[in-house]
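# A closer look at the structure
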Amino acid sequence: MKDRVDALILPQVASYYASKLELHGTTSQGVDWNGNASHDRRHRQFLRLLEGSSDASVIDLGCGFGDFLRFLRSEGFRGRFTGYDIAASMIEKARQLYGEGEDRQWRIGSEPEESADFAIASGIFNVKGDVPTESWIDYVNGTLDILARAGRRGFAFNVLSLSSDPEKRRPNLYYADPVAMLGHCLAKYGRSVALLQDYELYEFTLLVRYPDRG
């Protein structure tokens with residue numbers, strides 16, 4: 001099932017984001033966000049997962065051109081960072097912007113080959129295009145399992161919220177029910193789960209921690 005869903009979805013997603021990068025360059029619009037202020041606000045929600053762990057390693061699944069690395073370094077985080085993206089042009093641009101070294105690596109792919117202290121995914125669940133909703137949900141749930149395996153101490157992700165204004169929703173985007181998603185994560189990944197939907201964007205962020213692995 002997962003291979004079939006990936007074959008249906010991943011090429012479309014890669015093409016979509018590659019086109020955004022080509023059109024807008026290394027800007028927030030280049031990864032399909034509205035602007036820098038909301039982009040950083042989105043980044044900031046993940047700090048709650050990482051707080052007190054400035055040397056922790058991070059995997060960023062769907063890293064784009066690597067802006068989350070810039071943000072983490074500006075906030076004093078020093079740990080090893082590994083960015084994955086299925087769009088080769090995104091990874092090429094990340095290498096141009098930030099280089100590679102012992103503390104930062106960039107890889108093309110949809111599933112990490114290694115684990116880290118924490119795994120992050122920002123924005124990768126939003127643009128479903130013309131993919132049927134049931135297939136997209138399978139993709140989302142399969143990717144959450146990947147994040148759960150990749151983050152030894154926890155993982156986090158964001159997704160557009162079904163509690164946003166109905167008249168502002170777009171048919172090519174996926175909106176998740178925050179209560180249902182919270183219940184899914186509690187049932188599957190443990191009880192240390194936080195839902196954040198108080199940062200004035202039409203989305204929510206879920207943080208999943210594994211306290212017994214800390």
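Report on the accompanying structure. Values in this document were obtained by computation on a predicted structure and should not be read as measured data. (Residues numbered from 1 in each chain as written. Predicted model: local features only at pLDDT ≥ 70, side-chain atom pairs only at ≥ 80, totals over all residues. Heavy atoms only, no water.)

## Section: the overall build of the protein
Across its full length, the protein holds 7 helices and 7 strands. Starting at the N terminus and walking to the C terminus, you meet the elements of the protein as α-α-α-β-α-β-α-β-β-α-β-α-β-β. Split into buried and exposed, the 214 residues of the protein put 51% on the buried side. Of all intrachain contacts in the protein linking residues separated by at least 6 positions in sequence, the fraction that spans at least 24 positions is 67%. Surface exposure of the protein reaches about 10,100 Å², of which carbon and sulfur atoms provide 49%. Taken as two groups, the 26 positive and 30 negative side-chain charges of the protein have centres that lie 3 Å from each other. (Helix = DSSP H or I, 4+ residues; strand = E, 2+ residues; numbered from the N terminus. Buried < 20%, exposed > 50% of the residue type's maximum accessible area, 1.4 Å probe, protein only. Contact = heavy atoms within 4.5 Å. Areas by Shrake-Rupley, 256 points an atom, 1.4 Å probe, with all protein chains shown as cover. Lys, Arg positive; Asp, Glu negative; His and termini not counted. Charge placed at Lys NZ, Arg CZ, Asp CG, Glu CD.)

## Focus: helix α5 (residues 88–98)
Buried within α5 are the following residues: Met90, Ile91 and Ala94. Take α5 and look down its axis: the buried residues cluster within an arc of 95°, on one side only. Immediately downstream of α5, the backbone of Gly99 shows phi near 65°, a positive value. (Arc of directions from axis to C-beta.)

## A look at the pattern of salt bridges
Per the stated rule, a full pass over the model turns up 14 salt bridges. Two residues, Glu203 and Arg42, come together in a salt bridge whose shortest N-O distance is 2.7 Å. You can see Glu203 sitting in strand β7 (residues 203–209) and its partner Arg42 sitting in helix α2 (residues 36–45), a full 161 residues away along the chain. Of the two residues examined, Glu203 and Arg42, each falls in the buried class. Each of Asp40, Asp67 and Arg70 takes part in one network of salt bridges that share partners. (Salt bridge = Lys/Arg side-chain N within 4 Å of Asp/Glu carboxyl O.)

## Let's talk about the sheet that holds strand β6 (residues 193–196)
Ordered by their spatial adjacency, 7 strands build an open sheet running β3-β2-β1-β4-β5-β7-β6, and the pairing between neighbours is mixed. Taken across any chain shown, the strands that pair with only one partner, and hence form the sheet edges, are β3 (104–108) and β6. Between one strand axis and the next, the sheet turns by 15° as a mean value, whatever way the strands run. Strand direction decides the pairing type here: strand β5 (residues 151–160) and β7, joined by 7 bridges, are antiparallel. Bridging across to β7, Asn158 finds its partner in Thr205. The strands touched by helix α4 (residues 67–74) are β1 (58–61), β2 (81–85), β3 and β4 (116–121); relative to β2, the strand with the most contacts, the crossing angle is about 160°. Docked against the sheet, helix α7 (residues 178–189) engages β5, β6 and β7, running at close to 10° with respect to β7. (Pairing = 2+ DSSP bridges. Axes fitted to C-alpha atoms, helices over the stretch in contact; angles between N-to-C directions.)

## Quick look at the pairing of β5
In terms of burial, β5 is a largely internal element, 8 of the 10 residues being buried. Across 5 bridges, the pairing between β4 and β5 is parallel. Looking across to β5, one finds that Ala121 is bridged to Phe157. As a crossover connection, the stretch from β4 through helix α6 (residues 133–150) into β5 is right-handed. (Right-handed = clockwise from strand over helix to strand, strands pointing away.)

## Considerations on the packing of aromatic side chains
Applying the stated criterion across every chain, the model contains 11 aromatic pairs. Here Phe155 and Tyr189 contribute two aromatic rings whose centre-to-centre distance is 5.2 Å and whose plane-to-plane angle is 90°, an arrangement assigned as edge-to-face. Here Phe155 is found in strand β5, whereas its partner Tyr189 is found in helix α7, with 34 residues between them in sequence. In this structure Phe155 comes out as buried when scored by relative accessible area, which is 0%. Every member of this aromatic cluster is reached through a ring pair, and the members are Phe125, Trp136, Tyr139, Phe155, Phe157, Tyr189 and Tyr210. (Phe/Tyr/Trp six-rings, centres within 6.5 Å; stacked < 30°, edge-to-face > 60°.)

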